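# What the coordinates show
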Amino acid sequence: MMWLADPVFLRHEPPRTVQLCLLLTLLWTALPLLPALPLGVSAVFAALWLVRLVLWALNIKPLSWLWLLLLLGLSLAAVFTQLGTIIGQEGGVAFLLLLTILKAYEGRGRRDWQILLLAMLVLMGGAVLFRQDVWMAPWLLTGLVSMGLCMALLGGLNLRQAVRQSMVALLLSLPLTLVLFVAVPRMAEPLWRIPQPNQQQGKTGLSDTMQPGSISDLVQSDEPAFNATFPSGYTPQRAQLYWRVMIMADYNGIQWQAMDERYIDNARARRSTQNVAYQMILRDEQGRIPALDYPLPAASSDVEMRLGAVMRVARSRDGYRRIQLNASTTPYLQQVLSDGERRYYTRLPQANLQTRDLGRRLRTAHPKDTDFINAALSYFRDHGFVYTLQPMRSSGSDRTDYFLFQGREGFCEDYADAFVQLMRAGGLPARVVTGYQGGEYHPQGGFWQIRSKDAHAWAEVWLAEQQAWLRVDPTTAVAEVRARDGIQAALGNEGNHFANSNSWWFRLSQSGQFYWQQWVVNFDADRQNNLFQRLGLSQVGWHSVLLMLLAGGGLALIPALLWWHYQQWRRRQPLAEGLLLLQTRLLGLTADEAATQGPLELQQALAARQLLDPALQGLIDDYIAAVYARPEAPTAAAQRRWYRRAKRLARRHRRSEHATPAA
């Protein structure tokens, strides 16, 4: 394409429609960054883009260097004011975003607009640092097609040609892109996991406090929390999936507060006959990992088991991560409590006197720990309690008293709160655990999808005989189906707002999200090694990578070669090629000699050599009629049929010339 190197062509201003296409592509490229960056930076970009669009509409020429210098100072001030720096992930990408829109202000010749396209390409890479969900895939593809379209339009092609060229280029490059993605050695973690210690991390959906209404508000969202797979072949039941996140032990009469997670205790799960290995893909939320009860110590040094056997990531990063963990199927968490710890886990404020009195009476009637626990659960089961998202609540300080003796309506946090207070009132150490329960299994992908609506609260009580914590879910006393069949089944008609989670589109999007996170976002060195081994290769090394590049690259180039062959075939001229074939094969002419003769000269030469039979005569007559007698050219199919006839006749005459006379 000569225009790429033609300086005169590159200095020409592109058509106005092409400029508009470039501005719209720039806006599309910036879309994922606008909600991720500070509001001030996004507002400056939006204002600059709108002003540039007005300048285009009014056909005002590019701004002078003085105006551009002023806008550059404004951009620097906006980024530095909002972020305090122009380097790092947020600062660097924010400054690049504003520099890119400023480049659109100085677009004069085609070369300037080409540079703008290159800046957009870098900007797209910056957007991936902020978001890695599955919806980035169509955004990336659309952006690349738009950039290819703009590049073709800048090259002078019309819209139809440009669309065709950009789509063909994308389709032909995808196979090779896939091979390079798989074959190029990966790092231990994806590239976009850049540590951002000074960045404000997103908070998990579960708060570090719990009070009536805190979880029931959260579960009304279908937002995905994490995915889990069990590659060892273990197939759990929904009721077995308790994902612990935080332990609530401090209660002030109104709300429960999570324990300080900086400490590490000696709580460890009992190793059972079946220890379960599983993998999780989750967005890093302040280093908290929803670990399956009961977690076993992780082999990775990046994961720590802390107070109460909750799992934490030592080095927190923004973005998605894949973690491999192990759990024991035992219901016991082994821990020896000191006298001080027992007092800590039985402490109650001077509130909810009726609840405290009920706990003491139940304990007196049932001195044995397990009988006491069952008696408290029977109280929920036998006194008309209801599981609902919209319970009647008291505005006073003794909210648990109101729940147990008047309202009798509540959600999981109400039952966990009341049960733990009853246990503590009876002198049995107890605490609240918040996390997620259950999930939705996707058999096509073989993974569990856990969402915000699966948020849950349950209890743990400490048994002196066992020297261990026992998980107790008091919600199941009134809604057993909550653990077995999920929250929607437990809520009945109240769960209708979850109906969209059963739609085919929702299920498809969730499956797509899982595969995107599993094979694209979290395609690290471990997963690459596993893939190489599945393909029959050794672990990733120079020889296996070279073999993958040669074999995969060869297969990936086949579509490009077929397309090239098709383009060559489209440029062929069957009538001219067929005539040349007859001239060279039957008369022995060179290509230069044949170029000086037409069909009539061919006819005369064949007649002089007594080679002009009826088939050749008809072939030449058809050529003359097609080229000279008709106002329109014959169809491509008709031309190819004529060429095949010429090829057959030339082959037949060549065989007859070389045939050996019969004996």
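Residues numbered from 1 in each chain as written. Predicted model: local features only at pLDDT ≥ 70, side-chain atom pairs only at ≥ 80, totals over all residues. Heavy atoms only, no water.

## Quick look at the side chain of Thr434
How we decide: Only DSSP runs of H or I covering at least 4 residues are called helices, and only runs of E covering at least 2 are called strands; the numbering of each starts at the N terminus. Pairs of residues are marked as contacts when any of their non-hydrogen atoms sit within 4.5 Å.
Assignment of secondary structure puts Thr434 in strand 15 (residues 430-437). When residues no more than four places from it in sequence are discounted, the contact partners of Thr434 are Leu206, Met210, Ile215, Trp243, Arg244, Val245, Met246, Met248, His456, Ala457 and Trp458.

## Overview of the pattern of salt bridges
Using the following cut-off: Salt bridges, as used here, are contacts in which a Lys or Arg side-chain nitrogen is within 4 Å of a carboxyl oxygen on Asp or Glu. Think of it in three bands: residues with accessible area under 20% of the maximum for their type are buried, residues over 50% are exposed, and the middle band is partly exposed, with areas taken using a 1.4 Å probe on protein chains only.
Overall, the coordinates contain 12 salt bridges when judged by the stated rule. With a closest N to O distance of 3.4 Å, Arg471 and Asp293 form a salt bridge. Taken together, the residues span a long stretch of sequence, with Arg471 in strand 19 (residues 468-472) and Asp293 in the loop between strand 8 (291-292) and strand 9 (303-306) at a distance of 178 residues. Judged by its relative accessible area of 6%, Asp293 falls in the buried class. For Arg451, the salt bridge identified is with Glu440, shortest N-O distance 2.9 Å. Here Glu440 lies in strand 16 (residues 440-442) and Arg451 lies in strand 17 (residues 447-451), a separation of 11 residues in the sequence.

## Quick notes on the packing of helix 23 (residues 599-608) against helix 24 (residues 614-629)
As a reminder of what qualifies: Here, axes are lines fitted to C-alpha atoms. For helices the fit covers the stretch in contact, and angles between N-to-C directions go from 0 to 180 degrees. By the definition adopted for this analysis, an angle is roughly parallel if under 35 degrees, roughly antiparallel if over 145, roughly perpendicular if from 65 to 115, and oblique otherwise. Residue polarity is assigned by list, with Asp, Glu, Lys and Arg as charged and Ala, Val, Leu, Ile, Met, Phe, Trp, Tyr, Cys and Pro as nonpolar; anything else, Gly included, falls into the polar class.
Relative orientation of the contacting elements helix 23 and helix 24 amounts to 170°, with a least axis distance of 10 Å. In terms of orientation, helix 23 and helix 24 fall into the roughly antiparallel class. Residue-level contacts link Pro599, Leu600, Leu602, Gln603 and Leu606 of helix 23 to Leu616, Gln617, Ile620, Asp621, Tyr623, Ile624 and Tyr628 of helix 24. Of the residues in the contact of helix 23 with helix 24, the class split is nine nonpolar, two polar and one charged.

## Some points on helix 13 (residues 369-382)
Filter applied, for reference: Take the number of residues in a helix, subtract one, and multiply by 1.5 Å to get its expected span.
The end-to-end C-alpha distance of helix 13, which contains 14 residues, comes to 20 Å, matching closely the 20 Å that a straight helix rising 1.5 Å per residue would cover. For helix 13, the secondary structure elements touched by its buried residues are helix 12 (353-365), helix 14 (399-407), helix 15 (412-425), strand 18 (455-463) and strand 19. Of the residues one or two after helix 13, Gly384 is the one with positive phi, at around 70°.

## Let's talk about the packing of aromatic side chains
Note the cut-off: Centres within 6.5 Å make a pair out of two Phe, Tyr or Trp rings, where for Trp the six-membered ring is used; the pair is then stacked when the planes are under 30 degrees apart, edge-to-face when over 60, and tilted otherwise.
According to the stated counting rule, one finds 19 aromatic pairs in the structure shown. Relative to Tyr436, the ring of Phe226 lies with its centre 5.6 Å away and its plane at 75°, an arrangement referred to as edge-to-face. Linking Phe226 in strand 2 (residues 224-229) with Tyr436 in strand 15, this pair joins segments that are 210 residues apart in sequence. You'll find Phe226 and Tyr436 in the same group, each marked buried. Between Tyr345 and Trp469 the ring centres are 4.9 Å apart and the planes differ by 80°, which places this aromatic pair in the edge-to-face class.

## Quick look at the state of the cysteines
Counted only if it meets this: The disulfide criterion is simple: two cysteine sulfur atoms within 2.5 Å.
Under the definition given, this model contains zero disulfides. With no disulfide of its own, Cys21 lies closest to Cys150 among cysteine sulfurs, the gap being 3.1 Å. Using a relative accessible area of 17% as the deciding quantity, one classes Cys21 as buried.

## Notes on the environment of Ala457
As for its placement among the helices and strands, Ala457 is situated in strand 18. Excluding its chain neighbours within four sequence positions, the residues that come into contact with Ala457 are Met210, Ile215, Cys412, Glu413, Ala416, Val432, Val433, Thr434, Asp473 and Thr475.

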